[in-house]
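Close look at the chain arrangement
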Amino acid sequence: MLRALFLSFALLSAPAAFAQSAELDDATVEQRTEDISRTLRCVVCQNQSIADSNATLAEDMRRLVEVRVRAGDTDDEVRAYMQTNYGDFVLMSPPVKPTTYLLWFSPLLIVGGGLIWYVMSARKRAAEATGTELGDEDLSAEEQARLQKLMDENASS
Amino acid sequence: MSWKSYLPFALFVGLIAVFGIGLTLKPQELPSEFINEPVPQFEIANLFEDEPNVTSETLTGEFTLLNVFGSWCRTCIIEHPYLVQLKEETGIRIIGLDWRDTRPAALEWLDRLGNPYDIIGFDEHSEVAIGLGVTGAPETFLIDPEGIIRYKHVGEMNPEIWNEVFVPLIENYTPPAGAA
């Protein structure tokens, strides 16, 4: 009896709960459609998002995004749907995965490589610079004596 | 001069080569995500309002060309006579997807140019087109009897594409084991 009561209660409240979560107000739908559209590339005018593009296909893609948002898809689910149809290309920001490592990390490689090159060449220059300025320790005892002699001669003349 | 002094020039030549190759690519022609994948499920109105809806099931059973067109599409006018000829010569089933069109315009267009299509779906708001990853018209899909997409051609159909790509795909088809 208790179980039946509980079950009927659950059954009665379930649609209400569902309706509540599924009922999105227009402003939210509009905002989410806009946000998702900004992350999807227009496949006709390829450097614009479908939010920016006036292409008719972009218009229909926005429509479809809205339909899916209204139907209860999460943002990621909408993007995944477009991705299955059009590939990674349709995402304005390409996913990080082995085939796109070069794309994502080549700037780091270039900056890192440049830094390494700079540090190494700077060290080399520094080494060369100290190499030309000989200190006392670079002269042998014999050379020291000769230098002293030359300087003494210079001072006395 | 040391080899290092040629480095900027070598870089320059390298860049020119990269850009040169880039110019020969066609970024408008996205590779299809559906090659060797089943046709995504869909159901859409028939262009002829008194005829039954067109579904993904409609596309199975025999080798089928699914041709995306529209009366607004200029290249479609160019390819249309070839589709008519292809239908006459080979009898292959051609299913049309009238994309982003109006019914009167499409019907007038078919009256004027001939109708090579067995069935035509009417995709006013790109629902099926987006589901298939269509980016422009015309596009022609080759679908095998199992409903698997074997090829997508972007641009006009012509004898070269038909003979060099479509015919070999059809001739080399082996039905999967267990199929009738």
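Keep in mind the model is a prediction, meaning the values are calculated, not measured.

With 14 residues of chain A in contact, the opposing surface of chain B contributes 14 residues. Counting residues per element, the ones that place at least two in the side of chain A that touches chain B are α3 (56-70) and α4 (75-86) of chain A. With six residues, the single largest contributor to the side of chain A that touches chain B is α3(A). A breakdown of the residues in the side of chain A that touches chain B according to their chemical character gives seven nonpolar, five polar and two charged.

Turning our attention to the sheet that holds strand β7 (residues 139-143) of chain B. Residue and element names in this part refer to chain B. If you trace the six strands from one edge of the open sheet to the other, you get β1-β8-β7-β4-β5-β6, paired in mixed fashion. Where the open sheet ends on each side, the last strands, each with one partner, are β1 (37-38) and β6 (119-123). Where β7 and strand β8 (residues 148-154) come together, five bridges link them in antiparallel fashion. In the strand pairing of β8, leucine 142 is matched with tyrosine 151. Together, β7 and β8 form the strand contacts of helix α5 (residues 159-171), whose direction differs from that of β8 by roughly 175°.

Scored by pLDDT, chain B comes out at a mean of 92, with 98% of its residues at no less than 70. Under the prediction, the complex receives an ipTM of 0.77, its pTM being 0.72.

The subject of this paragraph is the domain arrangement of chain A. By the assigned domains, chain A splits into domain 1 (20-95) and domain 2 (99-156). A straight line from the C-alpha centre of domain 1 of chain A to that of domain 2 of chain A covers 58 Å.

Glancing now at the pairing of strand β4 (residues 64-69) of chain B. The two faces of a sheet get side chains in turn, since along a regular strand they alternate between them. All names here are of chain B. When you tally the buried positions in β4, you get six out of six residues, the bulk of the element. Taken together, the six bridges between β4 and strand β5 (residues 93-99) define a ladder with parallel strand orientation. In the sheet register, leucine 65 faces β5, and the bridge partner there is isoleucine 94. Bridge count between β4 and β7: five bridges; the pairing is antiparallel. Directly across from valine 68, in β7, lies its bridge partner glutamate 139.

Thresholds applied
- Residues numbered from 1 in each chain as written.
- Chains lettered and ligands numbered in written order.
- Predicted model: local features only at pLDDT ≥ 70, side-chain atom pairs only at ≥ 80, totals over all residues.
- Contact = placed C-beta atoms within 7 Å.
- Helix = DSSP H or I, 4+ residues; strand = E, 2+ residues; numbered from the N terminus.
- Nonpolar A, V, L, I, M, F, W, Y, C, P; charged D, E, K, R; others polar.
- Pairing = 2+ DSSP bridges.
- Axes fitted to C-alpha atoms, helices over the stretch in contact; angles between N-to-C directions.
- pLDDT = per-residue confidence, 0-100.
- Domains from an automatic or database assignment.
- Buried ≥ 20, exposed ≤ 12 C-beta atoms within 10 Å, placed from the backbone.

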